[in-house]
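Examining the three-dimensional arrangement
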Amino acid sequence: MSPDSFEQIIAPGTPAPDFSLGREDGETFTRSDLLGGTTVLVFYPFAFSPVCTDQLQVYDEVREELAGQGATLYGVSCDHTYSQKAFRERLGVQIEQLSDWEPKGEASRAFGAWFAPRGCSARALVIVGSDGVVTWSHRAESLGDLPGANLIFDALAAPA
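So, a few notes on the structure that sits alongside this text. Keep in mind that this is a model prediction, so the values were computed, not measured.

Reading the values: the criteria
Residues numbered from 1 in each chain as written. Predicted model: local features only at pLDDT ≥ 70, side-chain atom pairs only at ≥ 80, totals over all residues. Heavy atoms only, no water. Buried < 20%, exposed > 50% of the residue type's maximum accessible area, 1.4 Å probe, protein only. Helix = DSSP H or I, 4+ residues; strand = E, 2+ residues; numbered from the N terminus. Arc of directions from axis to C-beta. Contact = heavy atoms within 4.5 Å. Core = buried A, V, L, I, M, F, W, Y, C linked by side-chain atoms within 4.5 Å. Phe/Tyr/Trp six-rings, centres within 6.5 Å; stacked < 30°, edge-to-face > 60°. Lys NZ or Arg CZ within 6 Å of the ring centre and 35° of its normal.

For the rest of this paragraph, the subject is helix α5 (residues 149–157). Regarding α5, the residues found buried are Ala-149, Ile-152, Phe-153 and Ala-155. Around the axis of α5, the buried residues are gathered within 165° of arc, so they sit on the same side. For α5, the elements touching its buried residues are β3 (38–43), α1 (50–61), α2 (63–68), β8 (124–128) and β9 (134–139).

See the structure below:
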């Protein structure tokens, strides 16, 4: 699948859009939850798929180190919260999952992390600063590409 099939990822310097994502506990996660800390939104296509499994396990291994740098990771997919909870529990990861279930893909579209041909989130990373402005973004060239955790560390270490 060509990169042309993807939305344009949100650019650094852009204020994070308004959005609403479902949390496992039934509450919502919105733009206001981004304020006051550095947030890494990890958009991924499907719970229980092989690359997504690898990606969340790799990121969970470095989660505490990222937290030490002030960053909190959240997984975002268009799966229902029940699927995401089962996925997180089966993997044994601590990264909170956020559901872009309904309206399906609305937040993924707003961040430019939507892959229309499959009706799912693209594999993308978006870092939002404590002021709610995107500081860095990356979209993988294909759904099968796993962006290494080093990309997140490098982005956090880059001068503002």
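Let us now look at the nonpolar core. For soluble globular proteins, the rule of thumb is that nonpolar side chains tend to be buried together. Of all hydrophobic cores here, the largest spans 22 residues; its most connected members are Val-40, Tyr-59, Leu-66, Leu-73, Phe-87 and Ile-152. Mapped by element, the contributors of at least two residues to this core are β3, α1, β4 (71–77), α3 (81–91), β8 and α5. The contact partners of Val-40, leaving out residues within four places of it in the chain, are Ala-71, Thr-72, Leu-73, Tyr-74, Val-126, Ile-127 and Ile-152. Membership of the second largest hydrophobic core comes to 19 residues, among which are Phe-19, Phe-111, Ala-113 and Val-128.

Overall, the coordinates contain 6 aromatic pairs when judged by the stated rule. Relative to Phe-111, the ring of Phe-19 has its centre 5.4 Å away and its plane inclined at 65°; by these criteria the two rings are edge-to-face. Taken together, the residues span a long stretch of sequence, with Phe-19 in the segment before β1 (20–23) and Phe-111 in the loop between α4 (106–110) and β6 (114–115) at a distance of 92 residues. Under the relative-accessibility criterion, Phe-111 is labelled buried at 1%. Aromatic pair Phe-43 and Phe-111: ring centres 5.7 Å apart, planes at 45°, arrangement tilted. One end of the pair, Phe-43, is in strand β3; the other, Phe-111, is in the loop between α4 and β6, and 68 residues separate them in sequence. As far as the burial class goes, Phe-43 and Phe-111 line up, both buried. An aromatic cluster of three or more residues is present, and its members are Phe-19, Phe-29, Phe-43, Tyr-74 and Phe-111. Cation over ring: Arg-109 sits above Trp-114, and NZ or CZ is 4.0 Å from the ring centre.

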